[in-house]
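Residue-level structure breakdown
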Amino acid sequence: MDTKIVKISRYRPQKKKIGQAAEIIRRAGLVAFPTETVYGLGANALDRRAVAKIFKAKKRPVDDPLIVHIADLKDLKRLAKDFPCRVRMLAEKFWPGPLTVILKKNPLVPREVTAGLDSVAIRMPGHPIALELIRAAGVSIAAPSANLFGQTSPISAAHVANDLCGRIDMIIDGGKTRVGVESTVLDMTGKSPVILRPGGIPLEEIRKVLPEARLFPSEKKPAKIERMKSPGMHYRHYAPRAEMVLIEGDSDKVADKMAELAEKYLSEGRKVGILASKETAKLCPSAARRTVLGKRGNFSTIARNLFKMIRELDRKGIDIILAEGFPEKGLGAAVMNRLRRAAGKRISAR
Ligand code: TXA
Ligand code: MG
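A brief report on the enclosed structure follows. (Residues numbered from 1 in each chain as written. Chains lettered and ligands numbered in written order. Predicted model: local features only at pLDDT ≥ 70, side-chain atom pairs only at ≥ 80, totals over all residues. Heavy atoms only, no water.)

1. Describing the sheet that holds strand 11 (residues 214-215)
The criterion, for reference: By definition, two strands form a pair when at least two bridges between them are found by DSSP. Here a helix means four or more residues in a row that DSSP labels H or I, a strand means two or more in a row labelled E, and each is numbered from the N terminus.
Pairing within the open sheet is mixed, and its 11 strands lie in the order 1-8-2-3-7-4-6-5-9-10-11. Both outer strands of the open sheet, strand 1 (4-7) and strand 11, are each paired with one neighbouring strand and no more. Of the pairings in the sheet, the one linking strand 5 (residues 99-104) to strand 6 (residues 119-123) comprises four bridges and is antiparallel in character. Looking at strand 6, one finds that Val101 is bridged to Ile122.

2. Observations regarding the sheet that holds strand 13 (residues 272-276)
To keep it simple, the criterion reads: Think of each axis as a best-fit line through the C-alpha atoms, taken over the contacting stretch in the case of a helix, with angles from 0 to 180 degrees between the N-to-C directions.
With parallel pairing, five strands are arranged side by side in an open sheet as 14-13-15-12-16. Each edge of the sheet is formed by a strand with only one pairing partner; in this case those strands are strand 14 (289-292) and strand 16 (345-348). Shown here is a sheet whose adjacent strand axes are inclined to one another by a mean of 20°, direction ignored. Relative to strand 16, strand 12 (residues 243-248) is paired through four bridges, and the arrangement is parallel.

3. Describing the pairing of strand 9 (residues 184-187)
Rule in force here: Three exposure classes are used, based on accessible area relative to the maximum for each residue type with a 1.4 Å probe and protein chains only: buried under 20%, partly exposed in between, and exposed over 50%.
Of the two faces of strand 9, the one carrying Thr184 and Leu186 and the one carrying Val185 and Asp187 are both buried. Relative to strand 9, strand 5 runs parallel, the two being bridged by four bridges. In the strand pairing of strand 9, Ile102 is matched with Asp187. Bridge count for strand 9 against strand 10 (residues 194-197) is three bridges, and the pairing is antiparallel. Counted as the bridge partner of Asp187 is Val194 from strand 10. Joining the antiparallel neighbours strand 9 and strand 10 is a turn of six residues.

4. Looking at unusual backbone geometry
Geometrically, the link from Trp95 to Pro96 is a cis peptide bond, its omega value of -5° lying close to zero. By secondary structure assignment, the location of Pro96 is in the loop between helix 4 (85-94) and strand 5. Backbone geometry at Lys59 places phi at a positive 55°, although glycine is not the residue there. Inspection of the secondary structure puts Lys59 in the loop between helix 2 (48-58) and strand 4 (67-69). Judged by its relative accessible area of 54%, Lys59 falls in the exposed class.

See the structure below:
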């Protein structure tokens, strides 16, 4: 398949180009497009044939449900059984934006989208190209992140092309994404709201609207129980080719441990990559490939750089990546969730 790559301005999305992409969606094709979090791989959410193509292109297991993207609240009313007051409050505060809500689904939503669950994940993305595409297509768009299954999510069109060129109809190049990690997935089907995946909207922000919101208990130690709530979440994600070790603990101790381990692996003749804050990277031996995520505590920068740098280290043929653990405050929780899923090994620095 020939994959067309089309540049579209995020500031003034060109109508004609958006129209071409929308036509592909209407004809059951696949279009990768930017959102504010990561690039999505979109298909008409109500066309099971189109949705099936997403799983094939990504090599994604079919038991991992998709998020349906909408541009208007009236679409939520079609997709979900009800529109509780609490969800209305969330939508008012966070949409368009990096929040996905899980609601009981209407029969209209094909089982291919929800992996047979009776709930559906819905979000209104905060990106002009995504919103224009949904409007022009005239349908809701089901879209997972536009990467091959198990890879880090793409934050640029080049990342998408790297994984999916030749497998999908079109890639819209709208530049780098702003947030860099995926949306927060919030389950609203139970008595109290539960975050199944920390993401672009931190728990602290959600609690300002719904104080009873909490993190899914197994978030810290991914366990079997996760499988039942959110089928996709038991898979090891974002796995780089290199071995990855995540070092958690007090930042000073983490930095010391990282420098010590880097020396050790270098002396064994291994190619070492460092994935850390500016402050920590500085303390590591310069013979290691040091990638700086951002200043300590600046989680929005760290989140934005995370996937890009994991991909970069992988391209450089690193044998072992030493990654810095961060406090789980604000966006730090989303960053740590991704790091834990990427790392084969976690150690705590003492
Ligand atoms: O920011 C994002 O969320 C990006 C952009 C493209 O919107 N999308 C994204 O999709 O990250 P994906 O497919 O990579 O992750 C969706 C997550 C999966 O972990 C899936 O298991 C969960 O949402 N999910 C989807 N539907 C669900 C449902 N009905 N119940 C529980 N979890 C669900
Ligand atoms: Mg994904």
